[in-house]
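# Fold and geometry: a report
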Amino acid sequence: MFLFKVNERFMITERGLVLVPGLGDKKAKVGDPIKIVRPDRTIIETTIRGISFDEFRSILVDTNLTKEDIPIHSEVWLNKESH
């Protein structure tokens, strides 16, 4: 299931990379596997490590990912194949 297209991302030291705008009203939770499809169509698989408590519900991903790993306009998908 498509979740959102990344329009900003920022690193929180010792926590991980935050992807914005976030889930909005989409159903996903901490621990869910996600697939990030970059503009060049390559794929990164990771999990949701955190979700913000505002209305946007930005997500936190693994600390080993950097801003350079996930370009603007990457697509974030719930990775149902891992369920």
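Read on for a plain summary of the structure. Residue positions within a chain follow its written sequence, with the count starting from 1. Thresholds applied to this predicted model are a pLDDT of at least 70 for local features of residues and 80 or more for the giving and counting of side-chain atom pairs; totals over whole chains, interfaces and linings are not thresholded and use all residues. Only hydrogens and water are set aside; all other atoms, that is, all heavy atoms of the structure, feed into the side-chain values.

### Here we look at the sheet that holds strand β1 (residues 2-5)
- The rule for pairing is simple: two strands pair if DSSP sees at least two bridges between them. The numbering of helices and of strands both runs from the N terminus, where a helix is a DSSP run of H or I of at least 4 residues and a strand a run of E of at least 2. A sheet is described by the order of its strands in space; here 4 strands give the open sequence β1-β8-β4-β5, paired in antiparallel fashion. At either end of the open sheet lies a strand with only one pairing partner, and these are β1 and β5 (43-47). Recorded for the sheet is a direction-independent mean angle of 25° between the axes of neighbouring strands.
- Both strand β4 (residues 33-37) and strand β8 (residues 75-78) contribute to a ladder of 4 bridges, which runs antiparallel. Counted as the bridge partner of Ile 36 is Val 76 from β8. Only C-alpha atoms enter the line fits that serve as axes; for helices the fit covers just the stretch in contact. Angles between N-to-C directions range over 0 to 180 degrees.

### A short note on the nonpolar core
- Buried Ala, Val, Leu, Ile, Met, Phe, Trp, Tyr and Cys residues form a nonpolar core when they are joined through side-chain atoms within 4.5 Å. Any residue under 20% of the maximum accessible area for its type is buried, any over 50% is exposed, and the rest in between are partly exposed; the area is computed with a 1.4 Å probe on protein chains only. Counting 18 residues, the largest nonpolar core has Phe 4, Leu 19, Ile 34, Ile 59, Val 61, Ile 70 and Val 76 as its most contacted members.
- Only heavy atoms enter the contact rule, under which two residues are in contact if any of them lie within 4.5 Å. Among all residues touching Ile 34, those that are not within four sequence positions of it are Leu 3, Ile 44, Glu 45, Thr 46, Thr 47, Ile 48, Ile 59, Val 61, Val 76, Trp 77, Leu 78 and Asn 79.

### So, the environment of Arg 57
- Following the sequence through the fold, Arg 57 ends up in the loop between β6 (50-51) and β7 (59-61).
- Excluding residues that lie within four positions of it along the chain, Arg 57 makes contacts with Pro 21, Gly 22, Leu 23, Gly 24, Asp 25, Lys 26, Ala 28, Ile 51 and Ser 52.
- Looking at Arg 57, its side chain comes within polar contact range of the main-chain oxygen of Lys 26, at 2.9 Å. Whenever two N or O atoms come within 3.5 Å, that pair is a polar contact, provided that in protein one can donate a hydrogen and the other can accept it, and provided that, for residues adjacent in sequence, both atoms are side-chain atoms.

### Thoughts on the pattern of salt bridges
- Whenever a carboxyl oxygen of Asp or Glu lies within 4 Å of a side-chain nitrogen of Lys or Arg, that contact is scored as a salt bridge. Going through the model one piece at a time under the given rule, you end up with 1 salt bridge.
- We note a salt bridge from Asp 32 to Lys 29, for which the minimum N-O separation is 3.0 Å.

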